[in-house]
Amino acid sequence: MFAANLNMTNYNYTVSERFLRYVQIDTQSDPHSNTFPSTTKQKNLSNILAEELQKMGVTAVELDEYGYVYATIPSNITKKVPTICFCSHVDTAPDCSGTNVKPILHKNYQGQDIVLPDDTTQIISPLHYPYLKKHIGCDVITASGHTLLGADDKSGVAIIMDLAYYLLTHPTIPHGTIKLLFTPDEEIGHGTAKLSMQKLNADFGYTLDGGELGVIEDETFNADSAVLDVYGVSAHPGYAKDKMINALKIVGEILMALPKTLAPETTEGREGFIHPIRIEGLPEKATIEFILRDFTTAGLQQHAQKLHSLATTVIEKYPHTHFKLNIQEQYRNMKAILEKHPQIVALAEKACTQAGIEVYKQSIRGGTDGSRLSFMGLPCANIFTGMQAIHSKHEWVCVQDMQKAVDVLIKLVQLWAMQ
Ligand SMILES: [Zn+2]
């Protein structure tokens, strides 16, 4: 159902075969771990990637102690052009089990509901996933019902691996120096924590961690965390009359006072939000943890001010109580960096067009390794892989979408070689 004229009709893509193998390796990360990587099992996949790259003939392949895989495909042109990095993450989300993933390939999908065999209450229906309707005649991969699939981000991993394989088996394709990077712990926000920018040594980058065919993302949220400590007055409950002021109840009041229109469950598109993610406490002291999100830093500041004024209003009603609000930066919108290097997005768009794909520019309502990498000195846009319904048992991906992403990368390296 997609235009097939890519001058690549004779290429036997390896992306789906790789994907089906990689998803069976449990690489779930753990937000409560104190180690790096947060789970050693992530290295089981990183090891395989390093070995496969070495076998292909990729040079300078290194799996370091933290679980990062660095690799280089040397330039095959004399002209000096920017070094481009392609990056994806090996871990899967803690939200849903990644143990014993059994991928199922539904060849020549015909538009029906897909009932997952290991839990038949799990049904992937085109009614809920309209994007599925665009894939009639395609090959769709799902999990079996008791786990996520891991398309986020093993589709990205498999696409980059297929790019490497293509370039090494087609040495006449001109390209500059290409760096490959596979990171652990992206899903728990630590994907770049132990990354060596010196070792990576690239000028610009692309993460392969986006959704629908043709999507290019150059913008993420600005993100802060906020911790609100509320101090009450404790007393023996039998003798607490006119003495006790229960911090748990104040915290409840603050939660009820949060603006209903500034919540994840009521916002979309370019709207930001204030989102409580955890509460903990005793009558004497209670704490709410929030995340604050907005596409502009001014909007983000407004959310913090709103939270502060709302807590003040509630607390003022109770004598002898007080609160502390601690705001911490998490990540920033990568658009601020990408605007200074417009060729990153422009060439990705051009590569899509050359591969016969319509481009959809989108903003990520979240962050990626790319937003951190951009601020660490590697300006990075995000490119589609086809992954859908991520972090859930309904997760699925279309083989042809992944192949199209490989096409885009092959076009993209050649476009950079002409810069
Ligand atoms: Zn991802």
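Attention in this report is confined to the structure presented alongside it. (Residues numbered from 1 in each chain as written. Predicted model: local features only at pLDDT ≥ 70, side-chain atom pairs only at ≥ 80, totals over all residues. Heavy atoms only, no water.)

**A word on the packing of aromatic side chains**
To keep it simple, the criterion reads: Aromatic pairing here means that ring centres of Phe, Tyr or Trp (its six-membered ring) are within 6.5 Å. Orientation follows from the plane angle: under 30 degrees is stacked, over 60 is edge-to-face, and everything else is tilted.
Within this structure, the stated rule accounts for ten aromatic pairs. Here the aromatic rings of Tyr-11 and Tyr-13 are separated by 5.0 Å at their centres, their planes lie at 70°, and the arrangement is edge-to-face. Grouped by ring-pair contacts, the aromatic residues Phe-36, Tyr-66, Tyr-68 and Tyr-70 constitute a single cluster.

**So, the environment of Leu-347**
Here is the rule we go by: Helix and strand definitions follow DSSP, with helices as H or I runs of at least four residues and strands as E runs of at least two, each counted in order from the N terminus. Each residue is assigned to one of three classes by its accessible area relative to the maximum for its type, calculated with a 1.4 Å probe on protein chains only: buried under 20%, partly exposed between the two thresholds, exposed over 50%.
Inspection of the secondary structure assignment puts Leu-347 in helix 8 (residues 343-354). Its relative accessible area of 7% is what places Leu-347 among the buried residues.

**Considerations on the pairing of strand 13 (residues 285-294)**
The line we're drawing: Two strands form a pair only when DSSP identifies at least two bridges running between them.
In terms of residue burial, strand 13 counts as a mostly covered element, since eight of its ten residues are buried. Sheet topology note: the strand 12 (residues 273-281)/strand 13 ladder contains eight bridges and is antiparallel. From the neighbouring strand, Pro-276 faces strand 13, where its bridge partner is Phe-290. In this structure, the hairpin formed by strand 12 and strand 13 is closed by a connection of three residues.

**Remarks on the layout of surface pockets**
Think of a ball as big as a water molecule: rolled over the atoms, this probe shows where empty space is left. What counts, and what does not: Grid points spaced at 1 Å over the protein atoms alone were grouped into cavities, where a 1.4 Å probe fits but cannot get out, and pockets, open sets with protein on both sides within 12 Å along at least five of seven lines, with lining residues defined by an atom within 4 Å of a point. Grid points are joined across faces, edges and corners, and a volume is the space filled by probe spheres set on the points. Polar here means any residue outside two lists: the nonpolar Ala, Val, Leu, Ile, Met, Phe, Trp, Tyr, Cys and Pro, and the charged Asp, Glu, Lys and Arg; Gly therefore counts as polar.
Of the pockets and cavities examined, the largest pocket occupies roughly 1,600 Å³. What lines the largest pocket is a set of 50 residues, among which Glu-187, Arg-293, Tyr-331, Gly-366 and Gly-367 lie closest to the centre. At the level of secondary structure, the elements contributing two or more residues to the lining of the largest pocket comprise strand 9 (204-210), strand 10 (215-220), strand 11 (222-231), strand 12, strand 13, strand 14 (322-331), strand 15 (360-364) and helix 9 (369-375). When grouped by side-chain class, the residues that make up the lining of the largest pocket number 17 nonpolar, 21 polar and twelve charged.

**Details of the sheet that holds strand 1 (residues 59-63)**
So the rule is basically this: Axis angles are defined between N-to-C directions and span 0 to 180 degrees, where every axis is a line fitted to C-alpha atoms and, for a helix, only to the segment in contact. Contacts were defined at the residue level, with two residues in contact if any of their heavy atoms lie within 4.5 Å.
Spatial strand order, 1-2-8-3-9-16-10-15: eight strands in an open sheet with mixed pairing. The open sheet has two edge strands, strand 1 and strand 15, and neither has a second partner. Averaged over all adjacent pairs, the angle separating strand axes in this sheet is 25°, with direction ignored. Bridge analysis of strand 9 against strand 16 (residues 380-384) gives five bridges, and the strand direction is parallel. Paired with Leu-208 across the bridge in strand 16 is Ile-383. Of the strands in this sheet, strand 2 (69-73), strand 3 (84-89), strand 8 (178-183) and strand 9 are in contact with helix 3 (residues 151-169), which crosses strand 3 at around 145°. Here helix 10 (residues 399-417) sits on the sheet in contact with strand 3, strand 8, strand 9 and strand 16, set at roughly 145° to strand 16.

**Side note on the pattern of salt bridges**
Put simply, the rule reads: Put simply, a salt bridge is a Lys or Arg side-chain nitrogen that is within 4 Å of an Asp or Glu carboxyl oxygen.
One pass over the structure, following the stated rule, counts 17 salt bridges. Ionic pairing is found between Lys-199 and Glu-62, a salt bridge with its closest N-O pair at 3.1 Å. Note that Lys-199 is positioned in helix 4 (residues 197-200) and Glu-62 in strand 1, a separation of 137 residues in sequence. Lys-199 sits in the partly exposed class, given a relative accessible area of 35%. Overall, the relative accessible area of 31% leaves Glu-62 in the partly exposed class. One connected set of salt bridges, linked through shared partners, spans Glu-17, Arg-18, Arg-21 and Glu-52.

**As for the packing of helix 3 against helix 10**
We count it as follows: Between 65 and 115 degrees an angle is taken as roughly perpendicular, under 35 as roughly parallel, over 145 as roughly antiparallel, and anywhere else as oblique. The hand of a helix crossing depends on one turn: near helix anticlockwise from the far one by less than a right angle means left-handed, and clockwise means right-handed.
Contact geometry for helix 3 and helix 10: axes closest at 9 Å, N-to-C directions at 50°. When the axes of helix 3 and helix 10 are compared, the pair comes out oblique. The two elements helix 3 and helix 10 meet at a crossing, and its hand is right-handed. On helix 10, the residues that touch Ser-155, Ile-159, Ile-160, Asp-162, Leu-163, Tyr-166 and Leu-167 of helix 3 are Met-402, Ala-405, Val-406, Leu-409, Ile-410 and Val-413. Taken together, the residues of the contact of helix 3 with helix 10 break down into eleven nonpolar, one polar and one charged.

**What to know about the sheet that holds strand 14**
In sheet architecture, strand pairing relies on hydrogen bonds along the backbone and comes in two forms, parallel and antiparallel. Strand order in the open sheet made by the four strands is 12-13-11-14, with antiparallel pairing throughout. Taken across any chain shown, the strands that pair with only one partner, and hence form the sheet edges, are strand 12 and strand 14. In this sheet, neighbouring strand axes are inclined to one another by 20° on average, regardless of whether the strands run parallel or antiparallel. Across nine bridges, the pairing between strand 11 and strand 14 is antiparallel. Across the sheet, Val-227 pairs through a bridge with Asn-326, a residue of strand 14. Its contacts with the sheet place helix 5 (residues 247-257) against strand 11, strand 12 and strand 13, and it is angled at close to 20° to strand 13. In this fold helix 6 (residues 297-315) packs onto strand 11, strand 12, strand 13 and strand 14, with an angle of close to 155° to the strand it touches most, strand 13.

**What to know about the coordination of the zinc ion**
Angles at a metal have ideal values that depend on geometry: 109.5 degrees with four tetrahedral donors, 90 or 180 degrees with six octahedral donors. Quick reminder of the rule: For Na, K and Ca the donor cut-off is 3.2 Å, while for other metals it is 2.8 Å, and in both cases only N, O and S atoms qualify; water is not among them, so sites may look incomplete. Only four donors with every angle between 85 and 135 degrees are called tetrahedral; only four or six donors with opposite donors over 155 degrees apart and all others between 65 and 115 are called square planar or octahedral, in that order; all others are irregular.
Note on the zinc ion: its protein donors are His-89 (NE2), Asp-152 (OD), Asp-209 (OD) and Asp-209 (OD). The metal-donor distances range over 1.9 to 2.6 Å. Angles of 53 to 147° at the metal separate the four donor atoms of the zinc ion, which places the site in the irregular class. Along the chain, the residues donating to the zinc ion fall in the pattern H-x62-D-x56-D. Within this pair, whereas His-89 is found in strand 3, its partner Asp-152 is found in helix 3, the two being separated by 63 residues in sequence. As far as burial versus exposure is concerned, His-89 and Asp-152 are alike and both buried.

**Looking at empty space enclosed by the protein**
Enumeration according to the criterion identifies one cavity of 30 Å³ or more in this entry. Roughly 40 Å³ of internal volume is contained in the largest cavity. In terms of lining residues, the largest cavity is bounded by Val-81, Pro-82, Ile-84, His-175, Gly-176, Thr-177, Ile-178, Val-413 and Trp-416. Of the residues that constitute the lining of the largest cavity, the class distribution is six nonpolar, three polar and no charged.

In short, shape yes, function no, at least from these values alone.
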